[in-house]
Amino acid sequence: MILIINNDKRMNYLSEYIRDSGMDLIQYHLDSSSFDFHILKETHYLILPFGGIAEDGRIASTHLYLTEDVLRHLPEDCVILTPIRYPKLLKLLEVVPRKYEVIFDHDEVAIYNSIPTAEGVIYHIIKNTDITIHQAEILVIGSGRIAMTIARDLKALGAYVSVTFRKKKDEARLFEMGLNPIHIDLMRSDLHHYDVIVNTVPFMMLDEQDLTQVRRDCYVLDVSSKPGGVNFKKAEELGIQSELALSLPSIIAPKTAAYYLFRFVRDYIASSEKKGGL
């Protein structure tokens, strides 16, 4: 049996895909107040939602709490499917060991998910700037799977796109794509050139000193996970428009994003059962 926690449209659509596929599914919703321990004991897969888990265990946008007691009521062979490595989850698993799988560690999920993320970036740029993307000078911080899709789509719209890199292989890939590679250590000396800066790295990339080099009319968009990689307080003080845009796929295209997740869940469960798992 699969237990899923629905806290946004993406998770609701994912539940529909799982249910329609014929798999046994129990759903918890925004108004669910607590877990049923009898259901937990029958759960083979627990699918956690997006948005994070607070230090007290509260699951984002719900009234549910993930606690040691909840984990203890899960079967020892239960698998927890989590979007990312939530720190609170990892702490709980140190006390109550259960197998877990990080969904976005899998390239196929992250790459598919980058498509609605990139469309969300385009939407935010159009909405929050007074210029066209065509011929805009745009910096994308990061050269991972999401950053590559964002950079490619912005270039396709006629932007002059620079992308930061650390590894030589990433520099070569960026060059091959017709993008402007810039080493992360040289990024800070060039910040004043850009109309738009998009950060994809979930670590501090634009601190107080960096932001003093950014133009006041630059739009800074952070699409990494909380707390983001931008000093938003300093940006506000400087009059720079900045924004942390979380869960863009769920906002821009929740049905499509859910289908990408469903394919992973379906294939993962099928593979586990084939190997003699659940």
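Residues numbered from 1 in each chain as written. Predicted model: local features only at pLDDT ≥ 70, side-chain atom pairs only at ≥ 80, totals over all residues. Heavy atoms only, no water.

A. Layout of the sheet that holds strand β1 (residues 2-5). Taken in spatial order, the 5 strands line up as β2-β1-β3-β4-β5 in an open sheet, and their pairing is parallel. The open sheet has two edge strands, β2 (25-28) and β5 (99-102), and neither has a second partner. Sheet twist, expressed as the average angle between the axes of neighbouring strands with direction ignored, equals 20°. Bridge count for strand β4 (residues 79-82) against β5 is 4 bridges, and the pairing is parallel. Directly across from L81, in β5, lies its bridge partner E101. (Pairing = 2+ DSSP bridges. Helix = DSSP H or I, 4+ residues; strand = E, 2+ residues; numbered from the N terminus. Axes fitted to C-alpha atoms, helices over the stretch in contact; angles between N-to-C directions.)

B. Examining helix α6 (residues 145-156) more closely. The end-to-end C-alpha distance of α6, which contains 12 residues, comes to 17 Å, matching closely the 16 Å that a straight helix rising 1.5 Å per residue would cover. Buried within α6 we find A147, M148, T149, I150, A151, D153 and L154. Residues of α6 that are buried in the fold lie against α5 (107-128), β6 (137-141), β7 (160-165), α7 (168-176) and β9 (196-199). Just past α6, the residue G158 takes up positive phi, approximately 95°. (Expected span 1.5 Å × (residues − 1). Buried < 20%, exposed > 50% of the residue type's maximum accessible area, 1.4 Å probe, protein only. Contact = heavy atoms within 4.5 Å.)

C. Main features of the sheet that holds β7. Spatially, β8-β7-β6-β9-β10-β11 is the arrangement adopted by the 6 strands of the open sheet, whose pairing is parallel. Strand pairing shows two members of the sheet lacking a second neighbour, β8 (180-183) and β11 (241-244), which therefore form its edges. This sheet shows a mean twist of 20° between the axes of neighbouring strands, independent of strand direction. For β6 and β7, the ladder comprises 4 bridges, and the chain directions are parallel. Across the sheet, the residue bridging to L139 is S162, located in β7. Together, β6, β9, β10 (219-222) and β11 form the strand contacts of α5, whose direction differs from that of β10 by roughly 155°. Lying on the sheet, α7 is in contact with β7 and β8; it crosses β7 at an angle near 170°.

D. Expanded view of the pattern of salt bridges. Considering all chains together, one arrives at 14 salt bridges under this definition. The salt bridge involving D20 is made with R19; its shortest N-O contact spans 3.8 Å. For D20, a relative accessible area of 59% corresponds to the exposed category. (Salt bridge = Lys/Arg side-chain N within 4 Å of Asp/Glu carboxyl O.)

E. Representation of the nonpolar core in the model. Within the largest apolar cluster, 43 residues are counted, with the highest numbers of intra-cluster contacts made by I5, L14, I18, F35, I47 and L66. Setting aside its immediate chain neighbours within four residues, I18 contacts I2, I4, M23, L25, I47, F262 and V265. (Core = buried A, V, L, I, M, F, W, Y, C linked by side-chain atoms within 4.5 Å.)

F. Broad picture of the environment of D210. Note on placement: D210 falls in helix α8 (residues 208-211). Sequence spacing of D210 and M187 is 23 residues, and the spatial spacing of their C-alpha atoms is 9.6 Å. Discounting residues that sit within four places of it in the chain, D210 has contacts with R188, L191 and M205.

G. Structural context of the pairing of β7. Among the 6 residues that make up β7, 5 are buried, leaving the element largely enclosed by the rest of the structure. Sheet analysis places β7 next to β8, joined by 4 bridges and oriented parallel. Across the sheet, the residue bridging to V163 is P181, located in β8. Taken together, β7, α7 and β8 constitute a β-α-β crossover, and its handedness is right-handed. (Right-handed = clockwise from strand over helix to strand, strands pointing away.)

H. View of the environment of I269. You can see I269 is positioned in helix α11 (residues 254-274). I269 gets classed as buried once you look at its relative accessible area, which sits at 6%. Taking the C-alpha atoms as reference, I269 lies 20 Å from T256; in sequence the two are 13 residues apart. In this structure I269 touches I2, M23 and Y45, once residues within four positions along its chain are discounted.

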